[in-house]
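Fold and geometry: a report
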Amino acid sequence: MPIPSPEELRLLRIRAGLTQAELAERAGVSQSLIARIESGKVNPRVSTLVRIYQALEEFMEEELTACEVMSSPVVYVLPSASLLEVARLMWEKGFSQLPVLDEEGSENLGTVFDDDVLRAFIRENARASMLTAADVMSDPLPIVSCSTKVRSVARMLGRGLPAVLVEDEMKIVGIITKSDIAKLLLYAKPRQ
C-alpha cells in the first residue's frame, strides 16, 4: 500500500466528498488531527496515515458505482472489422482487449484479446489479414449495471477477468478495467 503525503490525503478527501470530521470519524482519529496533517503542521505516524488512507479507500469502494468509475464511451469493434484494423486500434490505444459489439453498441457479441490477435497471426500467417473480429473473438466480457458498486466490480476483476462492460438502460455505456480500479483513488470524481 502506498503511503500518501498529507497533500495527497487532502486531495483524496476532497475528491471523495468527505469533510475532515467525516474522515476523522471513519478513521478513528480527531478532526483536528486531520486538519493538522493536511496543513503540514504535524508529522503523523505511518500507521495513522495508513489508517486514514484505508478509511478513504473503504468509503470510496462502498459508495462509488460502476458508472462513476467507468471509461466512456466504449471503444469497440464490429464483428466485420478486419483483424488488421483490430490490431491497429489495440496498438494505437494501448488496449489489451476490445469488445465486439453490434452496430448500435448494445449487443455484446464477444471480445478480441491481444492473445487472439497473436494466435491468429501465428496460425494463419498471410491469411490473417483476411480474418475479421468475428473469426477470432473470444467470449464476451461480463456486463454489470450502472449502479453496481465498485467493490463488486473489483472482486470480479480480482478473479482474473481483465474488464467488465457497464450497461445502462439496455445499452453498453462504459468499460471498467483493472487499470481503472488501480487508479480509482487518485482520479475519483468529486461527489456533488
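All of these numbers come straight from a predicted model, not from anything done at the bench.

Conventions and cut-offs
Residues numbered from 1 in each chain as written. Predicted model: local features only at pLDDT ≥ 70, side-chain atom pairs only at ≥ 80, totals over all residues. Heavy atoms only, no water. Disulfide = S-S within 2.5 Å. Helix = DSSP H or I, 4+ residues; strand = E, 2+ residues; numbered from the N terminus. Buried < 20%, exposed > 50% of the residue type's maximum accessible area, 1.4 Å probe, protein only. pLDDT = per-residue confidence, 0-100. Contact = heavy atoms within 4.5 Å. Core = buried A, V, L, I, M, F, W, Y, C linked by side-chain atoms within 4.5 Å. Pairing = 2+ DSSP bridges. Axes fitted to C-alpha atoms, helices over the stretch in contact; angles between N-to-C directions.

With the rule as written, the count across this model stands at one disulfide. Cys67 shares a disulfide with Cys146; S-S distance 1.4 Å. With the S-S dihedral at roughly -125 degrees, the linkage between Cys67 and Cys146 falls on the left-handed side. In this pair, Cys67 sits in helix H5 (residues 66–69) while Cys146 sits in the loop between strand S3 (143–145) and helix H9 (150–158), placing the two residues 79 residues apart along the sequence. Given the relative accessible area of 17%, Cys67 is considered buried.

Along the chain, Arg127 turns up in the loop between helix H7 (114–124) and helix H8 (133–136). Taking the C-alpha atoms as reference points, Arg127 and Glu38, 89 residues apart in sequence, are found 61 Å from one another.

This paragraph deals with the confidence of the model for the chain. Averaged over all residues, the pLDDT of the chain is 87; the fraction at 70 or higher stands at 93%. Throughout residues 188–192 the model reports pLDDT below 50, and contacts reaching past four residues in sequence, or to other chains, amount to 15 contacts.

It is characteristic of soluble globular proteins that their nonpolar side chains tend to be buried jointly. Counting residues in hydrophobic clusters, the biggest one holds 32 residues, and the most contacted among them are Ile52, Val166 and Ile176. Those elements that place two or more of their residues in this core are helix H1 (6–16), helix H2 (20–27), helix H3 (31–39), helix H4 (46–63), H5, H9 and strand S4 (163–168). Take this core: its biggest share by element is seven residues, from H4. Membership of the second largest hydrophobic core comes to 15 residues, among which are Met90, Leu98, Ala120 and Val136.

In this section: the side chain of Thr48. With respect to the helices and strands, the residue Thr48 is situated in helix H4. For Thr48, a relative accessible area of 11% corresponds to the buried category. If we skip the residues at most four places from it in the chain, Thr48 touches Val29 and Leu33.

A word on the sheet that holds strand S5 (residues 171–177). Across the sheet, three strands lie side by side as S3-S4-S5; this open sheet has mixed pairing. Unpaired on one side and paired on the other, S3 and S5 mark the two borders of the sheet. When strand polarity is set aside, the average angle formed by the axes of neighbouring strands in this sheet is 35 degrees. With six bridges joining them, S4 and S5 adopt antiparallel strand pairing. By the bridge assignment for S5, Val166 is matched with Gly174. Lying over the sheet, H9 contacts S3, S4 and S5, oriented at roughly 145 degrees with respect to S4.

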